[in-house]
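# Descriptive analysis of the structure
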Amino acid sequence: MLLACAVLAQADERLEKLAAGLRSEDSQARMAAYNALNRERSAALPGILLKVLPDCPDLGQYYGILVLQRQPPKAARAVLRKLTLSASVHLRVTAAAYLWRMGDTKTASVIVKALRDETLPTARKALLLLRIYGIRDAGVLAAVREHLTPDAAPTVLDAALYNIYMARDKGARSAVKSLAAHQDPSVRALAGACLLVLGDA
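Definitions and limits used
Residues numbered from 1 in each chain as written. Predicted model: local features only at pLDDT ≥ 70, side-chain atom pairs only at ≥ 80, totals over all residues. Heavy atoms only, no water. Helix = DSSP H or I, 4+ residues; strand = E, 2+ residues; numbered from the N terminus. Buried < 20%, exposed > 50% of the residue type's maximum accessible area, 1.4 Å probe, protein only. Contact = heavy atoms within 4.5 Å. Axes fitted to C-alpha atoms, helices over the stretch in contact; angles between N-to-C directions. Parallel < 35°, antiparallel > 145°, perpendicular 65-115°, else oblique. Left-handed = near helix turned anticlockwise from the far one by under 90°. Core = buried A, V, L, I, M, F, W, Y, C linked by side-chain atoms within 4.5 Å.

## Digging into the environment of Ala97
- Mapped onto the fold, Ala97 is located in helix α6 (residues 89–101).
- For Ala97, a relative accessible area of 0% corresponds to the buried category.
- Apart from residues lying up to four places away in sequence, Ala97 is in contact with Ile111, Arg131, Ile132 and Ile135.

Structure follows, in structure tokens:
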């Protein structure tokens, strides 16, 4: 019994060291940690990630949530739900998006609240929009459409248009049309692609 406990403790310690690599500011070290963790499947790993991810940079948080998807479903879902309450808006939205894709559609409210937070910097808002691609929720799509204004930053417009494209959101047609002649070439190209899939080119 004592030997078994010692073996489990060593295994948990190894996973904790691997997970700590997601905190690294070095991109190669962070990627190495992700690759190693992605080969693991352990009932202990979701709890370890719950402790580590709030202290990670954005990409480390994203990698951690990708790893969670490969863990035992019940434990992974429980941790993702807790992460939707994180102080980090990036972690909240990324966890909520993955829960929504797993069928927990109530988490859409977390995404909507974040997208409508007018205090968020432009770069933050663009990143959040990139994390929610493919979500076909009426409330989320309405919040995405609110960013389709000609005076919005091109990075925000690119990310919002990508969401419209992925969701085939016909409700965004008029807003997308208003961007078809935008001065930024990337925005114009994405607006054109959206109009094609919306049947309005």
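Right, picking up where we left off after that structure.
## As for the packing of α6 against helix α8 (residues 122–131)
- At a minimum axis separation of 9 Å, α6 and α8 run at an interaxial angle of 15°. The pairing of α6 with α8 is recorded here as roughly parallel in orientation. With respect to the hand of their crossing, α6 and α8 are arranged in right-handed fashion. Residue-level inspection shows Val89, His90, Val93, Thr94, Ala97 and Arg101 of α6 in contact with α8, the latter providing Arg124, Leu127, Leu128 and Arg131.

## Quick word on the nonpolar core
- Core analysis: the largest hydrophobic core is formed by 36 residues, its most contacted members being Ile111, Ile132, Leu148 and Val176.
- Elements supplying a minimum of two residues to this core: α6, α7 (108–115), α8, α9 (138–145), α10 (154–167), α11 (173–177) and α12 (185–197).
- Top element by residues in this core is α10. It accounts for six residues.
- When neighbours within four sequence positions are excluded, Ile132 is seen to be in contact with Val93, Ala97, Arg101, Ile111, Leu115, Val140, Val144 and Asn163.
- Formed by 26 residues, the second largest nonpolar core is a distinct cluster that contains Ala33, Leu45, Leu49 and Cys56.

Shape is all these values report; function is a separate question.
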